[in-house]
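Close look at the chain arrangement
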Amino acid sequence: MTDAQPFTAPTPAHTVHPVYVIGGGPGGLAVAAALRGRGVRAVVLEKADAVGAAWRGHYDRLRLTTTRRRSALPGVPMPRSFGRWASRADLVRYLDKYAEFHELEIVTGVEVARISPAEGDLWRLEASGGRELTGSAVVVATGWNHTPHLPEWPGRDTWTGTFLHASRYRDARPYEGRDVLVVGAGATGCDLAADLAEGGAARVRLAVRTPPHLLRRATLGWPAQRSARLARRIPVRLADALLRLHRIGVPDLSAHGLPRPADGPYTRAEAGRPPVHTTELAALVRRGAVEPVAAVEAFDGAEVVLADGARIAPDTVVAATGYRRGLEELVDGLGLLTPDGAPAALAPRAAAPGLYFTGFGDPVDGALRHLARDAARTAQAVPRDRARLLRARAKARRKSPAGTVERQGAGLKAAGEAGPDRDSAPA
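In short, a report on the structure. (Residues numbered from 1 in each chain as written. Predicted model: local features only at pLDDT ≥ 70, side-chain atom pairs only at ≥ 80, totals over all residues. Heavy atoms only, no water.)

To continue, consider helix α9 (residues 367–399). In this model α9 runs 45 Å from its N-terminal to its C-terminal C-alpha over 33 residues, within 8% of the 48 Å that 1.5 Å per residue would give. Inspection of α9 places L368, H370, L371, A372, D374, A375, T378, A379, A381, V382 and L389 among the buried residues, and these make up the whole buried set. Residues of α9 that are buried sit in contact with β1 (19–22), α1 (26–37), α3 (88–101), β7 (137–140) and β22 (355–357). (Helix = DSSP H or I, 4+ residues; strand = E, 2+ residues; numbered from the N terminus. Expected span 1.5 Å × (residues − 1). Buried < 20%, exposed > 50% of the residue type's maximum accessible area, 1.4 Å probe, protein only. Contact = heavy atoms within 4.5 Å.)

Printed below as a string of structure tokens:
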């Protein structure tokens, strides 16, 4: 990483109340580095024992679907040795180096349970170990994949097989020779199904409720990420057509139980279901190594009941059913979330004076690229918004009746200390 460039900014001045960044993932680290580069003290609070905890916990097979160059955070490029598509392990090493390079102030093993306003336009953070911290601003960067989500399937608690959420899956070795059902046909579910089929599972089925768009990472050398960037600037109809070009070489799997969606890939992504960038899964489905089946409806004894009425009896079920953001308790009572638990405002826009949320989107052209861009904008907004808030408060105090009386009292006190006016003194 010899070509990395540090931020050239004055040494941060002492700040009684720092900016607290909650979460030591890519978004939190990028914001902290950008704030430090502007001379603002930022303290990263990470509940795990190391940065990038979510990435450390992901399955080993995971690779970025965005290019190395378009996935780097501000100030430190990813090394060429990562290849075009960085692996999970590569990204973990990169985040460690990123924090070290920028000399970030990181406190691990601290989980923030609640944020609430404090006097003086500050924020109070209630953290593990009975800690109570006060910050001039807070940036919440706990991430999109925070709390594993599991549907309320009837009978799941009494099902006799092995059940796990995808967040607990690492590799295929424990499932060699087993009959495995993967539930969910998003990026994670498709990756795990392919990993299991190639890793020695006796049978792999993929429960699909909504068939995904299967696209290539790159077509004739052109990354799908670049097409997605262009798609954001053109009409939806053209955006769908552009992304469909990355379907070239991916066979139609309708005859194998995985039909192509009727809507376009960009339309689907804007609705919260981004395309799946894979070629391995299509080949495995085509040769029968991965069998698409209907969605799961319930569990019954040793069986799994599917939406089409079929009953199957896998040894293991891996639920790739996504995550919740887990913000409800953190900002309880502040009215800052949408009905589905997402932040109503995303950085660099403040959700409340001095409170920002970053990294809670899933853009079709790559989350890491947007985290890098938003970090710089957020670092600019935090001190600017703070200065504006303090100026507004000072102006309001000057205009208030209490402020007028206070200034008049100060003036009378100063006049008394100076002594009587000579012209009005008695002879």
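Read on, since the account is not over.
Tallied over the full model, the rule gives 22 salt bridges. A salt bridge links R209 to E297; its shortest N-O distance comes to 3.6 Å. Taken together, the positions of R209 in the loop between β11 (203–208) and β12 (214–215) and E297 in strand β17 (residues 296–300) put the pair 88 residues apart, joining distant regions of the chain. Under the relative-accessibility criterion, E297 is labelled partly exposed at 36%. Note that R311 is salt-bridged to D300, the shortest N-O span being 2.9 Å. One end of the pair, R311, is in strand β19 (residues 311–312); the other, D300, is in strand β17, with eleven residues separating them in the sequence. Overall, the relative accessible area of 40% leaves D300 in the partly exposed class. (Salt bridge = Lys/Arg side-chain N within 4 Å of Asp/Glu carboxyl O.)

A word on the sheet that holds strand β9 (residues 162–165). Spatially, five strands are ordered β9-β20-β10-β11-β16 in an open sheet, and the strand pairing comes out parallel. At either end of the open sheet lies a strand with only one pairing partner, and these are β9 and β16 (291–294). Across the sheet, the mean angle separating the axes of adjacent strands is 25 degrees when strand polarity is ignored. By the bridge criterion, four bridges tie β11 to β16 in an arrangement that is parallel. What sits directly across from L206, in β16, is P292. Each of β10 (179–183), β11 and β20 (316–319) is contacted by helix α4 (residues 187–198), which is oriented at about 170 degrees to β11, the strand it contacts most. (Pairing = 2+ DSSP bridges. Axes fitted to C-alpha atoms, helices over the stretch in contact; angles between N-to-C directions.)

This brings us to unusual backbone geometry. The omega torsion across A347 and P348 is 15 degrees, close enough to zero to call that bond cis. Structurally, P348 is set in the loop between β21 (323–324) and β22. A positive phi angle is found at D121, which is not glycine, with a value near 60 degrees. Positionally, D121 belongs in the loop between β4 (112–118) and β5 (122–127).

Helix length check: α3, at 14 residues, gives a terminal C-alpha distance of 20 Å against a target of 20 Å (1.5 Å per residue), a fit within 8%. Taken residue by residue, α3 has R88, D90, L91, V92, Y94, L95, Y98 and A99 as its buried positions. In this structure, the buried side of α3 is in contact with α1, α2 (53–57), β3 (105–108) and α9. Just downstream of α3, E103 is the residue with a positive phi angle, here 50 degrees.

Let's shift gears to the side chain of R247. Topologically, R247 is positioned in the loop between α6 (236–244) and α7 (265–270). Here R247 occupies a buried position and makes no salt bridge, while the nearest side chain of opposite charge, D252, is found at 8.1 Å. If sequence neighbours within four positions are ignored, R247 has contacts with H213, L214, L215 and R260. (Lys, Arg positive; Asp, Glu negative; His and termini not counted.)

Function-wise, these values are silent; they only describe arrangement.
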